[in-house]
Amino acid sequence: MACKNADPYVVDSLSSFISQAHQNLNMIVVDDASSDLSAEKILDFIKLHGVEDRIKLIRLTASLGCAGARNVGIRHANGDYVAVWDSDDIYMENRISNTIDFMEYSCIDACGTWANLMNNFEYTQDKYVYAPCDHDEIVWRLPSKLNPMIDPSCIIRKKCLDVLRGWSEDDNIRLSPDLDLWFRMAKANMRLGNIGDFLMWYRIRPTSNTGSKKDEMIKHHVEVVRRHYGKVELKRHESIYKG
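Because the structure is a prediction, the values reported are computed rather than measured.

### So, the packing of helix 7 (residues 177-187) against helix 9 (residues 214-229)
Helix 9 packs onto helix 7 with a crossing angle of 15 degrees between their chain directions and a minimal axis gap of 9 Å. In terms of orientation, helix 7 and helix 9 fall into the roughly parallel class. For the pair helix 7 and helix 9, the sense of crossing is right-handed. Note on element contacts: helix 9 touches helix 7 through His221, Val224, Val225, Arg227, His228 and Tyr229, opposite Leu179, Asp180, Phe183, Arg184 and Lys187.

Structure follows, in structure tokens:
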């Protein structure tokens with residue numbers, strides 16, 4: 001978990017971690033130099049629930065950004081899988097077990113899920129995010145306007161992250177390191193997939209990147225596509241980004 005100023009939400013996210021049906025899990029929380037009480041709330045949660053052996057907190061004194069914080073976590077991880085776990089999202093109790101079972105059965109290297117959307121503190125019943133499930137369709141949609149994999153829902157084989165050296169920390173694509181990773185995985189013949197099931201609540205809040213930096217996210221998204229897909233091919237998709 002990369003955490004940055006998420007003290008109103010992080011306890012709910014941690015609660016959904018210790019509630020997972022699959023219990024052979026450890027979490028590395030990397031606090032990205034938060035200026036709020038996130039780290040204190042995490043420590044209180046660990047002590048309250050007696051999960052010192054399952055949740056480890058690393059506090060950065062200078063912010064590295066989401067990608068940098070995740071990469072710190074990877075370097076301290078020793079399992080076969082790395083699950084992205086956003087500090088403001090909530091996950092269904094069968095998220096880990098269902099995803100890993102699917103990855104093993106389908107020989108998938110990175111796997112996401114569908115997501116229910118929620119506002120700041122409000123669950124909604126009529127807003128959902130679907131994603132294509134087949135590898136070939138995901139790769140075909142990588143240059144499109146919408147990322148075909150929901151980043152905070154994804155689980156990735158650690159050996160793949162080690163080969164690719166994790167998420168890019170390039171500041172020019174700071175808000176789209178996940179899309180860059182999917183492109184690099186596809187180029188390395190690593191298999192991508194999504195489960196057609198809603199296994200998380202994806203929070204859209206006013207201060208999140210999705211909620212407050214939409215124009216900058218689009219700019220970084222286009223830059224990722226330009227780098228991987230080429231200027232000529234990107235031109236075919238220009239109308240998508242202007243829409």
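Resuming the write-up.
### Let's talk about the sheet that holds strand 2 (residues 27-31)
Strand order in the open sheet formed by three strands is 1-2-3, with parallel pairing between adjacent strands. Taken across any chain shown, the strands that pair with only one partner, and hence form the sheet edges, are strand 1 (2-3) and strand 3 (55-59). The pairing of strand 2 with strand 3 spans five bridges and is classified as parallel. Each residue of the ladder has a partner; that of valine 30, found in strand 3, is isoleucine 58. Along the sheet, helix 2 (residues 38-49) contacts strand 1, strand 2 and strand 3; its crossing angle with strand 3, the most-contacted strand, is approximately 160 degrees. Docked against the sheet, helix 3 (residues 65-76) engages strand 1, strand 2 and strand 3, running at close to 145 degrees with respect to strand 2.

### A look at the pattern of salt bridges
A complete count under the given rule lists 13 salt bridges for this structure. Residue arginine 157 is joined to glutamate 104 by a salt bridge in which the shortest nitrogen-to-oxygen separation is 3.3 Å. Taken as a pair, arginine 157 in strand 8 (residues 155-157) and glutamate 104 in helix 4 (residues 95-106) lie far apart in primary sequence, 53 residues in all. Each of Asp170, Glu223, Arg226 and Arg227 takes part in one network of salt bridges that share partners.

### Quick look at the packing of helix 1 (residues 10-18) against helix 2
Look at helix 1 against helix 2: their axes get within 10 Å of each other, and the N-to-C directions meet at 35 degrees. The handedness of the crossing between helix 1 and helix 2 is right-handed. Along its contact with helix 1, which presents Val10, Val11, Leu14, Ser15 and Ile18, the element helix 2 presents Ser38, Lys41, Ile42, Phe45 and His49. The class makeup of the residues in the contact of helix 1 with helix 2 is six nonpolar, three polar and one charged.

### A word on helix 2
Along an α-helix, residues three or four positions apart point the same way, because every turn accommodates 3.6 residues. Its twelve residues place the ends of helix 2 17 Å apart at the C-alpha level, agreeing with the 16 Å of an ideal helix rising 1.5 Å per residue. Taken as a whole, helix 2 has its buried residues at Ser38, Ala39, Ile42, Phe45 and Ile46. Across the axial projection of helix 2, the buried residues extend over an arc of 125 degrees, all falling on one side. Turned more than 90 degrees off the buried face of helix 2, the exposed positions are Asp44, Lys47 and Leu48. Buried residues belonging to helix 2 abut strand 1, helix 1, strand 2 and strand 3. Just beyond helix 2, the residue with positive phi is glycine 50, at close to 60 degrees.

Conventions and cut-offs
- Residues numbered from 1 in each chain as written.
- Predicted model: local features only at pLDDT ≥ 70, side-chain atom pairs only at ≥ 80, totals over all residues.
- Heavy atoms only, no water.
- Axes fitted to C-alpha atoms, helices over the stretch in contact; angles between N-to-C directions.
- Helix = DSSP H or I, 4+ residues; strand = E, 2+ residues; numbered from the N terminus.
- Parallel < 35°, antiparallel > 145°, perpendicular 65-115°, else oblique.
- Left-handed = near helix turned anticlockwise from the far one by under 90°.
- Contact = heavy atoms within 4.5 Å.
- Pairing = 2+ DSSP bridges.
- Salt bridge = Lys/Arg side-chain N within 4 Å of Asp/Glu carboxyl O.
- Nonpolar A, V, L, I, M, F, W, Y, C, P; charged D, E, K, R; others polar.
- Expected span 1.5 Å × (residues − 1).
- Buried < 20%, exposed > 50% of the residue type's maximum accessible area, 1.4 Å probe, protein only.
- Arc of directions from axis to C-beta.

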